Amino acid sequence: MIVVVGCGSKKLDHPAPAAELYQGSYFKLRLAYAMTLTEPDNIFILSALWGFLPLSRVVEPYNLKMGERGSIGELELRNQAIALAISHDRCTVLAGSKYVKACKAIWPDLEAPLRGRIGEQMAWLKGQANVALD
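On a predicted model such as this, the values are computed, not experimentally measured, just so you know.

Trainee: Would you mind going over the overall build of the protein in detail, with residue names and values included?
Mentor: Of regular secondary structure, the protein possesses five helices and six strands. Along its sequence from the N terminus, the protein presents helices and strands in the succession β-β-α-α-β-β-β-α-β-α-α. For 134 residues, the compact-globule estimate of 2.2 N^0.38 gives 14 Å, and the protein sits close to it at 14 Å. In terms of principal-axis extent, the alpha carbons of the protein reach across some 35 × 35 × 25 Å.

Structural data, given as structure tokens:
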């Protein structure tokens, strides 16, 4: 099983490993929950610019949301999933609806457990991941 975590808008101002680049509380909760589901090597961050990022891949900060001009498309994502040999894995996506939609082109039967408003999602994630944010 792989877990895809949607990127976040709050980022460091310098290149960093993907797991560290995104600084928002919502992102950190989703990543913490992902860590309870599988091993780090099976977790990918879905970047609106870069596509599927292994947690250790160093990338530069950017300002782009999924669906905006210049963001990665479904065909490129599908090609990345094939190249990463993850296109046939079971997949859970922890992200907003645009990211889930992009992933459904690859994994039509994916699990997307996040529902409701972000505050509700964060409360659910805190309970699932059993974490507190600083």
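Read on for the rest.
Trainee: Would you mind going over the packing of aromatic side chains in detail, with residue names and values included?
Mentor: Counting across every chain of the model gives three aromatic pairs. With a centroid separation of 5.2 Å and 50° between ring planes, the pair formed by Tyr-22 and Phe-27 is classed as tilted. The burial state of Tyr-22 is the same as that of Phe-27; both residues are buried. Judged by centre distance (5.7 Å) and plane angle (70°), the rings of Phe-52 and Trp-107 are edge-to-face. Pair noted here: Phe-52 is in strand β4 (residues 51-54) and Trp-107 is in the loop between α4 (97-104) and α5 (118-129), with a separation of 55 residues, a long-range link. Judged on exposure class, the residue Phe-52 and its partner Trp-107 are both buried. Connected via pairs of aromatic rings, a cluster forms that spans Tyr-22, Phe-27 and Tyr-62.

The rules we used
- Residues numbered from 1 in each chain as written.
- Predicted model: local features only at pLDDT ≥ 70, side-chain atom pairs only at ≥ 80, totals over all residues.
- Heavy atoms only, no water.
- Helix = DSSP H or I, 4+ residues; strand = E, 2+ residues; numbered from the N terminus.
- Rg over C-alpha atoms; globule rule 2.2 N^0.38 Å.
- Phe/Tyr/Trp six-rings, centres within 6.5 Å; stacked < 30°, edge-to-face > 60°.
- Buried < 20%, exposed > 50% of the residue type's maximum accessible area, 1.4 Å probe, protein only.

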